[in-house]
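Next come the chains, spelled out residue by residue.
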Number of protein chains: 2
Amino acid sequence: MATHNQHKIGELRQILSGLLEAGEVIGAGEAGAPDVAETGVTFAQNALLKARAVAAHTGLIAVADDSGLAVDILGGAPGIFSARWAGRHGDDTANLTLLLEQLADISPEHRRARFVCAAALATPDGAEVVEHGYLPGVLLTEPRGNGGFGYDPILVPDGQHRSCAELSPAEKNAISHRGQAFRALATHLGPLLG
Amino acid sequence: MATHNQHKIGELRQILSGLLEAGEVIGAGEAGAPDVAETGVTFAQNALLKARAVAAHTGLIAVADDSGLAVDILGGAPGIFSARWAGRHGDDTANLTLLLEQLADISPEHRRARFVCAAALATPDGAEVVEHGYLPGVLLTEPRGNGGFGYDPILVPDGQHRSCAELSPAEKNAISHRGQAFRALATHLGPLLG
């Protein structure tokens, strides 16, 4: 798959494990694929850019995602900029710390947000599909939990009392934006893999 | 006026100079007014919070503004969070540097933004007015110019070739979001001052 993010590769292996044989999921790094500039202006465009590049480089069917956190009071930002919210040298902790500081004066009723995932599939002969998944919830004022990655410690999904970082991987994958998007994508992947 | 920002006080004195006698504009700090938590979720709410607090504290007619930069591809963010974009210890340079890093991969056709100002007036007996002003343009990839403050060095207004920080104060005030909003507000202020 078209990502160099080890967290995502692990999560994807789990999500797709019921649908594919384990050996079939290889990371973009293992495949020797170069990093792709994410010049799109939507999650779907960026996911397709990545999947296309890996399919072209490897000659294999490639899947990729672009995901992020969309905060209502920020008009959907950080959005496609989620991974670089604190700047190009930021990491997960810097990104979520900055977001919490930006929203410091904002009360719970205005802290709605959702995780968004666009999952893309591209084949070497040019077929393309994109599916989306969404996980809506409320932002905390302090991070909670040690699981997951990214903004997981600050979003409590609707219907939960725990942050995404307090859910087990299986619990998270069952409801997550990425789980939804890749399960939808897998319905296209199965027929392609014969 | 309800601001502790010396840049804004200077700009306001200029904008209002044709409309009021010079001695009539005093800063919130000079008036001994405390800082107000900006808990609103719109520019107008925050401007009113500040104007109300100063009117209550001083017994005088108070004007205040809340202003910021709304970037299209960020869904209107930084918006009301413009002054703390890089976190609570950030300054103008940190804020615009972070914004440029977030948008580093974004091409000129997707770099539209506008300055927004809500100017509020509050009287000690509870009368309130809010007027808005907008300055649309395109974001640069590097700051240009030494004038102005805030995000001025990175916005080129429509119809201009210079950034807001390359305009003279008089040129900027003639077209700026803050100039528009306060000139509109002044039409209400004149009658109140009798």
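Look up: the structure comes first, before these words.
A brief look at the structure comes next. Being a predicted model, the structure only gives us computed values, none of them experimental.

This paragraph deals with the packing of helix 1 (residues 6-16) of chain B against helix 5 (residues 177-193) of chain B. Residue and element names in this part refer to chain B. Relative orientation of the contacting elements helix 1 and helix 5 amounts to 55°, with a least axis distance of 10 Å. Judged by the angle between their axes, helix 1 and helix 5 are oblique. The handedness of the crossing between helix 1 and helix 5 comes out as right-handed. Facing Lys8, Glu11, Leu12, Ile15 and Leu16 of helix 1, the residues of helix 5 in contact are Arg178, Gly179, Phe182, Arg183 and Ala186.

Residue and element names in this part refer to chain B. Tracing the backbone shows Ser163 in the loop between strand 4 (155-157) and helix 4 (169-175). Within polar-contact distance, the side chain of Ser163 engages the backbone oxygen of Arg144 at 2.6 Å. Apart from the residues within four sequence positions on either side, Ser163 is in contact with Leu140, Arg144, Asp152, Pro153, Leu155, Val156 and Pro157.

So, on to the sheet that holds strand 2 (residues 112-122) of chain A. Residue and element names in this part refer to chain A. Read across the sheet, four strands follow the order 1-2-3-4 without closing on themselves; strand pairing throughout is antiparallel. Whereas interior strands pair on both sides, the edge strands pair on one side only; in this sheet they are strand 1 (62-71) and strand 4 (155-157). When the angles between neighbouring strand axes are averaged without regard to direction, this sheet yields 35°. Looking at chain direction, strand 1 and strand 2 are connected through ten bridges and run antiparallel. When the sheet's bridge partners are listed, Asp66 is paired in strand 2 with Ala118. In this fold helix 2 (residues 43-58) packs onto strand 1, strand 2 and strand 3 (128-139), with an angle of close to 160° to the strand it touches most, strand 1.

This part covers the interface of chain B and chain A. Counting from both sides, the interface comprises 24 residues of chain B and, opposite them, 24 residues of chain A. Taking both sides of the interface into account, the surface hidden between chain B and chain A amounts to around 2,100 Å²; carbon and sulfur atoms contribute 59%. Summed over the shared surface of chain B and chain A, the number is four salt bridges. Across the salt bridge formed by Arg88 of chain A and Glu101 of chain B, the nearest N and O atoms sit 3.7 Å from each other. Our enumeration of links across chain B and chain A arrives at eight residue pairs in polar contact (both at pLDDT 80 or more).

As a further point, take the environment of Leu103 of chain A. Inspection of the secondary structure assignment puts Leu103 of chain A in the loop between helix 3 (92-102) and strand 2. Judged by its relative accessible area of 1%, Leu103 of chain A falls in the buried class. In sequence terms Leu103 of chain A and Thr141 of chain A are 38 residues apart; their C-alpha atoms lie 8.3 Å from each other. Filtering out sequence-adjacent residues up to four positions away, Leu103 of chain A remains in contact with Val71, Ile73, Leu74, Arg111 and Leu139 of chain A together with Phe81 of chain B.

A word on the relation of the copies chain B and chain A. You can overlay chain B on chain A at an RMSD of 0.0 Å; the transform is a turn of 180° with a shift of 0.0 Å along its axis. The symmetry that links the two subunits is that of a two-fold axis. Closest approach to the rotation axis within chain B is made by the C-alpha atom of Gly75 of chain B, at a distance of 2.1 Å. Most of the interface of chain B is mirrored in chain A, where 100% of its interface residues again form contacts.

Right, let's talk about the state of the cysteines for a bit. As used in these notes, a disulfide is a covalent bond between sulfur atoms, one from each of two cysteines. As enumerated under the stated definition, the model contains zero disulfides over all chains in all. Here Cys117 of chain B is not disulfide-linked; the sulfur of Cys164 of chain B is the nearest cysteine sulfur, at 13 Å.

Bringing unusual backbone geometry into the picture now. Omega for the peptide link from Ala77 of chain A to Pro78 of chain A comes to -5°, which places this bond in the cis form. Among the structural elements, Pro78 of chain A can be located in the loop between strand 1 and helix 3.

With that settled, the discussion passes to the pattern of salt bridges. All names here are of chain A. Counted by the stated rule, this structure contains 22 salt bridges over all chains. Linking Lys50 and Glu38 is a salt bridge whose minimum nitrogen-to-oxygen distance equals 3.4 Å. Residue Lys50 is found in helix 2, and its partner Glu38 is found in the loop between helix 1 (6-16) and helix 2; the two are separated by twelve residues along the sequence. The exposure class assigned to Lys50 is buried, which follows from its relative accessible area of 10%. Residue Glu38 is classed as partly exposed on the basis of its relative accessible area of 30%.

Conventions and cut-offs
Residues numbered from 1 in each chain as written. Chains lettered and ligands numbered in written order. Predicted model: local features only at pLDDT ≥ 70, side-chain atom pairs only at ≥ 80, totals over all residues. Heavy atoms only, no water. Axes fitted to C-alpha atoms, helices over the stretch in contact; angles between N-to-C directions. Helix = DSSP H or I, 4+ residues; strand = E, 2+ residues; numbered from the N terminus. Parallel < 35°, antiparallel > 145°, perpendicular 65-115°, else oblique. Left-handed = near helix turned anticlockwise from the far one by under 90°. Contact = heavy atoms within 4.5 Å. Polar contact = N/O pair within 3.5 Å; in protein donor to acceptor, adjacent residues only side chain to side chain. Pairing = 2+ DSSP bridges. Buried area = accessible area lost by both parts, 1.4 Å probe. Salt bridge = Lys/Arg side-chain N within 4 Å of Asp/Glu carboxyl O. Buried < 20%, exposed > 50% of the residue type's maximum accessible area, 1.4 Å probe, protein only. Least-squares fit on C-alpha atoms with pLDDT ≥ 70 in both. Disulfide = S-S within 2.5 Å.

These results come straight from atomic positions and should not be treated as a statement about function.
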